[in-house]
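One letter stands for each residue in the lines below.
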Amino acid sequence: MGQTLILTGTQAAALAAKLCRVQVIAAYPITPQSKIPEVLSEYVEKGELQAEFVRVESEHSAMGVCISASLVGARVFTATAANGLAYMHEQLHWAAGARVPVVMPVTNRGLGAPWTILNDMQDTIAQRDTGWMQFYCMNNQEVLDQVILAYKVAEQLMVPTMVCFDGFRLSHTMMPVSIPAQSDVDKYLPPYEPLHSIDSGNPVNINPVVMTDPLRGPDGELCPSYMGFRFRLQETMESALPVIAEAGRSFAERFGRSYEDNLHRYRTEDAEFIFLTMGSLASEASDTVDILRERGVKAGVVGIRVFRPFPAASLVEATCRAKSVAVVEKAISYGYEGALATELKAALFSRNGHRPVIYNYITGLGGKDVKPTDLLEVAQEIINGAAGNIPQEKPRWLGYGV
Amino acid sequence: MSVTTMELPEVEYILPGTRTCAGCGLPIAYRHMLKALGPKMIMTHPACCLTILHGIYPKTPVAINAVNNTFAGTAASASGLVAGLKATGRTDYTVVAMAGDGGTFDMGIQALSGAAERETDFIYVCYDNEAYMNTGVQRSSATPSGAVTTTTPVIPKEQAKKDFIQIMEAHDPAYLATMCSSYPADIYNKFLKAKAIKGTRFIHMAVPCPTGWSFPTKDTVKIGRLAVESAVVVLYEVENGAFRLTGKSLSMARSGKKQPVNEYLEMQGRFKRISAEQLAEFQRQIDVKWERFRKRAGF
Ligand SMILES: Cc1ncc(C[n+]2csc(CCOP(=O)(O)OP(=O)(O)O)c2C)c(N)n1
Ligand code: SF4
């Protein structure tokens, strides 16, 4: 039987890895992720988890270990944040190209310079195009659940997956987390079955140089070119949303919590005004929506749970009846706007004639508190904007004041 | 028990049709290394001339398991192979990491130092052709002073070669050996020994490169021998801290005979701009090192 524990996000992530019976762990410390490998070390040293723990000398090596350990058939795990994730950048591409189902929690943190250890999402958003799936968590229950879900999906699709959650806001905040029974996790997530296995009688050369055009192999079969390999990754990503939804449905059947929807929706059915956001901000926005509803504003929240592959169709369906959408983000593509704002606009443009007024807000960078009063101000501004049909010229920075 | 060239096993793990340049020293050494290691091995390597030797997808002339990885990640990848194989219950494979001097002395040093400090159970081979050859002969920290490269095209390299082998010895590996592609039996024997030892084993393999060094392709073996005969390359091994000169270097130490470096340098186009002072300094440093080695070996 499962039980409920009061856990921080990092403890939840580590416990999830244990429940998933990971076989190889490689990690390097960085705040606010450090507790994850610390807890796992303890599990391993006490013999509660049968795994090889490689205490690497850098994040670049952490991912290097994970990739090769996965290629020889082990279920692997690492975790990082911020500059550690940036330092992995080359290996992130390599992992996706090598099609290894690595699962990696990232405790979202701002990137230097100047130094900060506190939360925003610039780190993972900057790795958006590395070919990894990205799931975002709203609370610590989701951290635990989505790590398990991530292995389920990653190993089916052979695509590495980040489970992103806000540094400190979730990583260091204690919340009740319902812990599934090991036997249930074992049923949901059977042992990892690699697609191929190392065999001295049938040697293979993995990830060698490939050419620009397809070539024939020794048996005459036509084999992919570089672009062919990359196309296959895109093809998999394009077909991934139903797989994620199905994994979420079977998760609900076994554990009672549903992740069938790739969006978190709160009071959206009749919403005329929507906050679109990601991560823990979605739960803060939900409180603001309650206040707005009391004041008679038909407000709702859409939180992105699955960011890559991008759930464009669901997002359009969730936002297309609204008069206005405030996209509130903890990251920006410098010189333009937040990535989520761009992606919402693109999704609506290519799928739907309806055009809500969309305003983009950049906030919460480097741990800046996002208060309900800030969000109420956002709501007032955009509702007025929508009434007057006033477009926003550029993203507004909320609360950066010196 | 040593095997002589005549007694080497006939089994081949490199098939005809590798893509290295004509006269390359690397396949000679690699061929004998693989004969010693046998099929129960898995190799990991970054981008370098070895990648080229391994061919282009979907064909490979090499009959061993190989995993490519990033330039800085060779030793980390090997650590992953060791951990992954252990976690899945296959401890009968020898894990080998192999990278060039650039991928070892320069970018790979962090991951290699980390893996060695963790006493990872693997063989790391640095084959040293003294420049970044795969990207077109640029200076690395392994390039000797006086050499012209494409990034030291006008003023030959001013600094001496980094003494990386000492850096690795300071890690106190389970086994450390040097070798040169011109001495296949020595290569075979040292790998046979390395294979039987547990823990981190570091091999430095000197590999002449006709393309980067500018010498006729027929002279590869000769250049390698000259390198050893003039003590530019010294053949030895360190086992449990015990130092031993081997092969030609041992007989040179016994006889007290050593060639001057002139002929070795003159045969290579890369040293055409070496100054008289640089040459004298080159010789002086070789002499100092050689005396140190001789003393260490008890001569
Ligand atoms: C991060 C990164 N930087 C640069 C390169 C480009 N690169 C590919 S091979 C190579 C040179 C390899 O030189 P070395 O390790 O000495 O081996 P060699 O080619 O001489 O055998 C370089 C610099 C790379 N692949 N990755
Ligand atoms: S460049 Fe030199 S080391 Fe590389 S394949 Fe050619 S000869 Fe060999």
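- As annotated in an unreviewed UniProt entry, chain A carries the name Ketoisovalerate ferredoxin oxidoreductase, alpha subunit and comes from Syntrophobacter fumaroxidans.

1. Quick word on the interface of chain B and chain A
(1) Moving on: Between chain B and chain A, the residue contacts involve 40 residues of the former and 43 residues of the latter.
(2) Moving on: Note on chain B versus chain A: buried area summed over both sides is about 3,200 Å², and carbon and sulfur give 61% of it.
(3) Moving on: Per-residue buried area on chain B facing chain A is highest for Y57, N68 and T70 of chain B; these three make up 19% of the total on that side.
(4) Moving on: At the boundary of chain B and chain A, one finds two salt bridges.
(5) Moving on: At the junction of chain B with chain A, the criterion picks out 17 residue pairs in polar contact (both at pLDDT 80 or more).

2. Description of helix α14 (residues 372-388) of chain A
Residues and elements named next belong to chain A.
(1) Moving on: Look at α14: 24 Å from first C-alpha to last across 17 residues, which is about the 24 Å you get at 1.5 Å a residue.
(2) Moving on: D374, L375, L376, V378, A379, I382 and G385 are the residues of α14 that are buried.
(3) Moving on: Looking at the buried residues of α14, the elements they touch are β13 (273-278), α11 (281-294), β16 (324-329) and β17 (357-362).
(4) Moving on: Looking at the residues trailing α14, positive phi occurs at N389, about 55 degrees.

3. Here's the deal with helix α10 (residues 247-255) of chain B
All names here are of chain B.
(1) Moving on: Listed as buried for α10 are S249, L250, M252 and A253. For α10, the angular spread of buried residues about the axis comes to 160 degrees, placing them on one side.
(2) Moving on: Those residues of α10 that are buried are in contact with α9 (220-229), β8 (242-245) and α12 (276-296).
(3) Moving on: In the segment just after α10, G256 is the residue with positive phi, at about 75 degrees.

4. Structural notes on the pairing of strand β3 (residues 94-100) of chain B
Residue and element names in this part refer to chain B.
(1) Moving on: The element β3 is largely enclosed, with a buried count of seven among its seven residues.
(2) Moving on: Here β3 shows two buried faces, one formed by T94, V96, M98 and G100 and the other by V95, A97 and A99.
(3) Moving on: When strand β1 (residues 41-45) meets β3, the two strands line up parallel, connected through four bridges. Across the sheet, T44 pairs through a bridge with A97, a residue of β3.
(4) Moving on: Looking at chain direction, β3 and strand β4 (residues 123-128) are connected through five bridges and run parallel. Considered in β4, the bridge of A97 is made with Y124.

5. Regarding the site of ligand 2
(1) Moving on: Around ligand 2, the structure places T20, C21, C24, C49, N129, M133, C209, P210 and T211 of chain B.
(2) Moving on: Classifying every residue of the shell around ligand 2 by side-chain character gives six nonpolar, three polar and no charged.

6. Quick word on the sheet that holds strand β7 (residues 236-239) of chain B
(1) Moving on: The sheet built from nine strands is open, its strands ordered β9(A)-β2(B)-β1(B)-β3(B)-β4(B)-β6(B)-β5(B)-β7(B)-β8(B) with mixed pairing. The open sheet is flanked by β9 (205-206) of chain A together with β8 of chain B, the only strands paired with a single partner.

7. A closer look at the environment of A98 of chain A
Residue and element names in this part refer to chain A.
(1) Moving on: With respect to the helices and strands, A98 occurs in helix α5 (residues 89-98).
(2) Moving on: Under the relative-accessibility criterion, A98 is labelled buried at 12%.
(3) Moving on: Note: C-alpha distance between A98 and V147 (49 residues apart in sequence) is 21 Å.
(4) Moving on: Residues in contact with A98, not counting those within four places in the same chain, are I67, L71 and N207.

8. Re the pattern of salt bridges
(1) Moving on: This structure, assessed with the given rule, holds 41 salt bridges over all chains.
(2) Moving on: Residues E272 of chain A and K323 of chain A are paired through a salt bridge, measuring 3.5 Å at the closest nitrogen-oxygen approach. Taken together, the residues E272 of chain A in the loop between β12 (263-266) and β13 and K323 of chain A in the loop between α12 (312-319) and β16 connect sequence positions 51 residues apart.
(3) Moving on: Taking the relative accessible area as the measure of exposure, E272 of chain A reaches 34% and is therefore partly exposed.
(4) Moving on: Residue K323 of chain A is classed as exposed on the basis of its relative accessible area of 52%.
(5) Moving on: Measuring nitrogen to oxygen at the nearest pair gives 2.8 Å for the salt bridge that ties E12 of chain B to R31 of chain B. Taken together, the residues span a long stretch of sequence, with E12 of chain B in the segment before α1 (25-37) and R31 of chain B in helix α1 at a distance of 19 residues.

What counts and what doesn't
By convention here, each chain's residues receive numbers from 1 onward along its written sequence. Written order decides the labels, with chains lettered from A and ligands numbered from 1. For a predicted model such as this one, the threshold for reporting local features is a pLDDT of at least 70, and the threshold for listing and counting side-chain atom pairs is 80 or more; totals across whole chains, interfaces and linings nevertheless cover every residue. Hydrogens are left out, water is left out, and the side-chain values use all remaining heavy atoms of the structure. The contact rule is simple, with two residues in contact once any of their heavy atoms fall within 4.5 Å. Note on definitions: buried area is the accessible-area loss of two parts on being combined, 1.4 Å probe, summed for both. A side-chain nitrogen of Lys or Arg and a carboxyl oxygen of Asp or Glu constitute a salt bridge if their distance falls within 4 Å. As used in this structure description, the phrase polar contact means that two N or O atoms lie within 3.5 Å; if the pair is within protein, one of them must be able to donate a hydrogen and the other to accept it, and residues adjacent in sequence are counted only when both atoms belong to side chains. Under the DSSP-based scheme used, a helix requires at least four consecutive residues in state H or I and a strand at least two consecutive residues in state E, with every element numbered from the N terminus. Expected helix span is computed as 1.5 Å times (number of residues minus one). The cut-offs for exposure are 20% and 50% of the maximum accessible area for each residue type, with area from a 1.4 Å probe on protein chains only; residues under the lower value are buried, those over the upper are exposed, and the others partly exposed. Directions from the helix axis toward the C-beta atoms define the arc. One requirement defines pairing of two strands: DSSP has to find at least two bridges between them. Only a single heavy atom is needed: when it lies within 4 Å of a molecule or strand, its residue is near that molecule or strand. Amino acids outside the nonpolar list (Ala, Val, Leu, Ile, Met, Phe, Trp, Tyr, Cys, Pro) and the charged list (Asp, Glu, Lys, Arg) are all regarded as polar, and Gly is one of them.

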